[in-house]
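# Geometric and topological summary
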Amino acid sequence: MAGNDWINSYLEAILDVGPGIDVAKSSLLLRERGRFSPTRYFVEEVITGFDETDLHRSWIRAQATRSPQERNTRLENMCWRIWNLARQKKQIEAEEHQRMAKRRLERERGRREAAADMSEDLSEGEKGDVVSDVSSHGDRGRMPRISSVDVMETWASHQKGKKLYIVLISLHGLIRGENMELGRDSDTGGQVKYVVELARALGSMPGVYRVDLLTRQVSSPEVDWTYGEPTEMLTPINSEGCMDEMGESSGAYIIRIPFGPKDKYIPKELLWPHIPEFVDGALKHVIQMSNVLGEQIGNGQQVWPVAIHGHYADAGDSAALLSGALNVPMVFTGHSLGRDKLEQLLKQGRQSRDEINMSYKIMRRIEAEELSLDASEIVITSTRQEIEEQWRLYDGFDPILERKLRARIKRNVSCYGRFMPRMFVIPPGMEFHHVVLHEGDADSEIEGNEDTPTAPDPPIWSEIMRFFSNPRKPMILALARPDPKKNITTLVKAFGECRPLRELANLTLIMGNRDGIDEMSSTNASVLLSILKLIDKYDLYGQVAYPKHHKQSDVPEIYRLAARAKGVFINPAFIEPFGLTLIEAAAHGLPIVATKNGGPVDIHRVLDNGLLVDPHDQQSIADALLKLVADKQLWARCRQNGLKNIHLFSWPEHCKTYLSRIASCRPRHPQWEKNDDGFENSESESPNDSLRDIQDISLNLKFSLDGGSGNLDTSLDSEENIVSGKSKLENAVLSYSKGVMKESRKSGFSDKTEQNTSVSKFPALRKRKQIFVIAVDCDTNEGLTGIVNAIFEATKGGKNGESIGFILSTSLTISEVHSFLVSGGISPSDFDAFICNSGSELYYSTLNVEDTPSGFPFALDLDYHSHIEYRWGGEGLRKTVLRWATSLTDKKGESEESVVIQDEECSTKYCYAFKSHNPEKVPPSKELRKLMRIQALRCHVIYCQNGSRLNVIPVLASRSQALRYLCVRWGADLSRMVVFVGECGDTDYEGLLGGLHKTVVLKGACTDASKLLHSNRSYPLSDVVPFESPNIIHTSEDFSSSNIQASLEMLGLLKG
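Keep in mind that what you see is a predicted model, and the values were worked out from it rather than measured. Each chain has its residues counted from 1, following the order in which its sequence is written. At least 70 in pLDDT is required for a residue's local features to be given in this predicted model, at least 80 for side-chain atom pairs to be given and counted, and no such filter applies to totals for whole chains, interfaces and linings, which use all residues. Side-chain metrics in this entry use all non-hydrogen atoms of the structure; hydrogen atoms and water are not considered.

Moving on to the sheet that holds strand S23 (residues 900-902). On the basis of which strands lie adjacent, the open sheet formed by 4 strands has the order S23-S24-S26-S25 and antiparallel pairing. Edge positions in the open sheet fall to S23 and strand S25 (940-944), since each of these has one partner strand only. Averaged over all neighbouring strand pairs, the angle between strand axes comes to 25 degrees, with direction disregarded. Should DSSP find at least two bridges between two strands, the strands are taken to pair. Helix numbers and strand numbers start at the N terminus; a helix is a DSSP run of H or I with at least 4 residues, a strand a run of E with at least 2. One ladder, built from 5 bridges, connects S25 with strand S26 (residues 949-953); its direction is antiparallel. Helix axes use the C-alpha atoms of the stretch in contact, all axes being lines fitted to C-alpha atoms, and the angles between their N-to-C directions lie in the range 0 to 180 degrees.

With 4 bridges connecting them, strand S13 (residues 592-595) and strand S14 (residues 610-613) associate as parallel partners. Opposite Ile592, over in S14, you have Gly610 as the bridge partner. By convention, a crossover is right-handed whenever its connection, traced from the first strand over the helix to the second and viewed with the strands pointing away, goes clockwise. Viewed along the sheet, the connection from S13 through helix H23 (residues 600-607) into S14 turns out right-handed.

Taking strand neighbours across the sheet as the criterion, the 6 strands line up as S11-S10-S9-S12-S13-S14 in an open arrangement whose pairing is parallel. Both edges of this open sheet fall to strand S11 (544-545) and S14, since each of them pairs with a single strand only. One ladder, built from 2 bridges, connects strand S10 (residues 506-510) with S11; its direction is parallel. Residue pairing for S11: Leu507 is matched across the bridge by Val544. It only takes one pair of heavy atoms within 4.5 Å for two residues to be counted as in contact. Across the face of the sheet, helix H21 (residues 555-564) comes into contact with strand S9 (475-479), S10 and strand S12 (568-571) while running at roughly 155 degrees to S9.

Our focus in this paragraph is the packing of aromatic side chains. Within a pair of aromatic rings, the relevant descriptors are the distance that separates the centres and the angle that separates the planes. In summary, the pairing rule links any two rings of Phe, Tyr or Trp, Trp by its six-membered ring, whose centres are within 6.5 Å, and it sorts them by plane angle into stacked for under 30 degrees, edge-to-face for over 60 and tilted for everything else. Under the counting rule described, the total for this entry stands at 18 aromatic pairs. With a centroid separation of 5.8 Å and 80 degrees between ring planes, the pair formed by Trp672 and Tyr965 is classed as edge-to-face. Separated by 293 residues along the polypeptide, Trp672 in the loop between helix H26 (651-663) and strand S15 (701-703) and Tyr965 in helix H33 (residues 959-970) bring together distant segments of the chain. The classification of residues rests on relative accessible area computed with a 1.4 Å probe and restricted to protein chains. Under 20% of the type maximum is buried, over 50% is exposed, and intermediate values are partly exposed. Taking the relative accessible area as the measure of exposure, Trp672 reaches 18% and is therefore buried. Given the relative accessible area of 1%, Tyr965 is considered buried. Members of the aromatic cluster, joined through ring pairs, are Phe772, Phe792, Phe806, Phe831, Phe834, Phe858 and Phe980. Any Lys NZ or Arg CZ that is within 6 Å of a ring centre and within 35 degrees of that ring's normal is treated as a charge sitting over the ring. Taking NZ or CZ as reference, Arg210 lies 4.1 Å from the ring centre of Tyr253, over its face. The ring centre of Phe259 lies 5.7 Å from the NZ or CZ of Arg216, which sits over that ring.

This paragraph deals with the pattern of salt bridges. For this analysis, a salt bridge means a side-chain nitrogen from Lys or Arg found within 4 Å of a carboxyl oxygen belonging to Asp or Glu. Per the stated rule, a full pass over the model turns up 38 salt bridges. Measuring nitrogen to oxygen at the nearest pair gives 3.8 Å for the salt bridge that ties Lys268 to Glu269. Classification of Lys268 as buried rests on a relative accessible area of 14%. One salt bridge connects Arg933 with Glu367, and the closest N-O pair in it is separated by 3.1 Å. Placement of Arg933 in helix H32 (residues 925-934) and of Glu367 in helix H13 (residues 362-375) is noted, with a sequence separation of 566 residues between them. The exposure class of Arg933 is buried, given its relative accessible area of 4%. Ionic contacts of the salt-bridge type, sharing partners, join the residues Glu367, Asp374, Arg929, Arg933 and Arg938 into one network.

Here we take up unusual backbone geometry. Here the phi dihedral of Lys361 falls at roughly 50 degrees; this positive angle occurs in a residue that is not glycine. Positioned with a positive phi, Tyr416 is a non-glycine residue whose angle comes to about 55 degrees. Structurally, Tyr416 is set in the loop between helix H15 (399-410) and strand S8 (422-425). Residue classification places Tyr416 among the partly exposed positions, given a relative accessible area of 35%.

With that out of the way, let us pick up the nonpolar core. Side chains of a nonpolar character, in soluble globular proteins, are inclined to be buried together. To define a nonpolar core, start from buried Ala, Val, Leu, Ile, Met, Phe, Trp, Tyr and Cys residues and group those joined through side-chain atoms within 4.5 Å. Ranked by internal contacts, the top residues of the largest apolar core, which has 123 residues, are Ile169, Leu326 and Trp884. Setting aside residues no more than four positions away along its own chain, Leu326 makes contact with Leu283, Val286, Ile287, Trp304, Ile308, His669, Pro670, His867 and Val968. In terms of nonpolar packing, the next biggest core, distinct from the first, is built from 73 residues, Cys498, Leu590, Ile621 and Cys638 among them.

Interaxial distance between helix H18 (residues 488-497) and helix H24 (residues 618-630) falls to 9 Å at its minimum, and their mutual angle equals 65 degrees. Like other packed secondary-structure pairs, H18 and H24 cross with a definite hand, here right-handed. Contacts from Thr490, Leu491, Lys493, Ala494 and Glu497 of H18 reach H24 at Gln618, Ile621, Ala622 and Leu625. Side-chain classes follow a simple rule in which Ala, Val, Leu, Ile, Met, Phe, Trp, Tyr, Cys and Pro form the nonpolar group, Asp, Glu, Lys and Arg form the charged group, and the remainder, Gly included, forms the polar group. A class-by-class count of the residues in the contact of H18 with H24 yields 5 nonpolar, 2 polar and 2 charged. Crossings are classed by handedness, with left-handed meaning an anticlockwise turn of the near helix from the far one by less than a right angle and right-handed meaning a clockwise turn.

A word on the confidence of the model for the chain. Looking at the chain as a whole, the pLDDT averages 79, with 74% of positions reaching at least 70. Per-residue confidence from the prediction method is given by pLDDT, with values spanning 0 to 100. Considering only residues more than four positions removed or in separate chains, one finds that residues 1-8, a stretch of pLDDT under 50, has 21 contacts. Here residues 11-36 is a poorly scored stretch, pLDDT under 50, and it has 41 contacts once near neighbours within four places are set aside; other chains count.

In a helix, the anticipated span is given by 1.5 Å times the number of residues less one. Across its 12 residues, H15 extends 16 Å between first and last C-alpha, which sits within 8% of the 16 Å expected from 1.5 Å per residue. For H15, the tally of buried residues reaches 9 of 12 residues, placing the bulk of the element in the interior. Regarding H15, the residues found buried are Pro399, Leu401, Glu402, Arg403, Lys404, Leu405, Arg406, Ala407 and Arg408. Polar contact is defined as a pair of N or O atoms within 3.5 Å, subject to the rule that within protein one atom must be able to donate a hydrogen and the other to accept it, and that residues adjacent in sequence are counted only when both atoms are side-chain atoms. At the N-terminal end of H15, a side-chain oxygen is found 3.1 Å from the backbone nitrogen of Ile400, two or three residues along, and the residue is Asp398. Downstream of H15 by one or two residues, Asn412 has phi in the positive range, about 60 degrees.

Here you go:
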């Protein structure tokens, strides 16, 4: 409770009320609970650290009450309010303690099982640091430095010849290159400045041809029109040196993708349901840009991004989907992490977990961060603290297991499908080109002299100086929001209670911009009022400056003023994730005093330009400030150290380290068995051409009945396969496919039929005016047959029926799909493609049945397998899931029955299937996925067919991602797709609803699944599905063909 003056008078009021209160005259509240001593309770319970900010207004009302009896009643009620809040806090703390204890046990068990699977304990070589490669700087003795311009030029010469394309993503806030409105709202802050400067700096680096910063396009009357511009070029930092190497499309750009509510600027918490729409729009842009760059610098070959870098959880979620669709490496920076915020909010005790989730969508954010860990090759942090104390809270990252996996990789030993991203500390950079150190800043008087006329002082100087009675004294500068976490009140107390410090220095507090205190948020207003009261209490008038307004462009001048006055910069925050202001201050020649908690420790280790203090120790803060202000030699030494080492935090140094880390990623990009010559020159194709116009086996398509169960030559689990008739058939099909591919390469396969076109004209799906995707998760073949026939009837009855293609998207295997087609009397050629096994298999129909050994008209796309196999755990994953399934038993009397058993018949190389005869006994899918993450196994866990089947598939695979693959592989237009779904479905149902495509929800279809499969979500469906989107429509009554046709017409389809 330290730092709140009002608590003293509140305590005095309770002392006055407590002992002398008359029971007969006391309030009803006290009489009901018997004799109560507010004094004892307050001292013994409340004052131990309860956050009392919310009670401030109640105390003010109580103090203002004139009637003593009413005043006493208000204070008594307030006391019981504290008791109730404290009880709630203790209850929440107990629940969280149990949850953390359970988590520790789960993690320890996961480590043991992973160690058992890998059959080794930690060797001496694996007992390194607790966290891997945590700093790009390392210890001071091993600090990588650019000691001269020659070294940077040497490094730059090695980058020449490279022409990299990098994609950055930052979704929330208002982003533009110039005149950034930092502080306008909570979403437009330091992250906005960071990503813009990073994009600009990378665009100026040798070897980088183009950088795209993707963000949201905001065309709203409440914001400036510039945020609605689709493209904005960022001016290079050193434009003169870059002009010679710039190409037609080179440089750094802000690309604004429209998604979410049109003409409305919304906070980041409301962006979650619209992320799939952004991903589809971003995918379209990247494909277009890769084609453009291919013509300019790729000799006609597409130039794909070398990495996609997501910033914050929402962009991490987007980057995971986008990088998966493109099969390129992903990089992630969290900036601020959800689990850490959740813990801090729970410790305050004001809100339950459900209330926090309602306000901040915190569980959706945490799941996005977990998905980012699943998909990222590299995670970039600003400090060690972020790794050691924040990332280790996540299921997907364990420093101890990560250390072991890294050691095994170095020794070229199998990790059995386990993987964890590499974490690197790369501190944010800073632009130093605008920093001008004047000789007089530290060596002359503030006024200058008559012989050397100086430029007029910046206006902000006089705005600050007007507060001081003696402006010649050194200035202690603090630059932070009036937020309790920034600990400004303790700084003012330390200054006010240290007489020598007050006599030697002035204090300047730059606390954002404000008009009136009443217009500030309650929390910020409370902090500011406390500061003003402390200034009055210690009579600091004439010694403390607290201007109401300043511009972003004034900040460098404020630093320069403090340096010219031989002052000190202080950051006394309780915890500082990084501390960019410390770097800015050092660049202007200011020694620093900073908190010892968080990022400032790393900054101080590099710069050695000040002192670290305990932010809770008021005396320590005062002593450190006094030491720097009073000892001129120490001040000069700290200033010189800061200026000497500050280049380590420059953007060129940041980008050099950044690019070297990116280069360590295994290169991945879309690549196919055969490049489709003439693909772009097929404008004359008939609109009747479709994906079923496949002929050339050199497309890397494999004819089969169930192509996944027969593994390829390098399958991890080949020794586990059961030799069956089906696997023999698969081997025969594979041999046949390879033989035909060899023959086709020799003779130039060009056979055509009247109906079909050659491979060069194969991907005519993009010619379709509409593509209808049937993704209804029915329990029975009869139900699915009825829906398919109704959709056929509704869509093929229109004038454009011949230009419509169909795709079936399902959790069924291809053999089950074939059985369904036969039983329903549906021809396979009615469909262009089949997305099977929950998105882990992709087949196309073919008319060349006579040429297939199996006699079935399906061709497996092996390119899709190579597209999704990244991080697939293989046999190690299968054994872990099987062990989990074996542990689930249902006791019936004296006997035990397995709840989940492996379904070998439905399993394929990229889909491990399990079946359950009692779905109610199966834990939620999130529990299994959590178990896999704890053991560093990356996958999607999908409950399907109303919980009777469980599919475990690669993390890059899903039914929605398969549609994006068709966009990348064949140029299918996502905006021309219509996806049909039921009212509910498998646990991957949510991924099918959002995006650029239209969605038709069939009323009355799949209504039973929601009771079981979706009852244990971590977050409501509304957090991920944009139900208010005009692209989502429900049929009016049922899923009859007439209602389906009416719904399509409402979407503007099937007209004309």
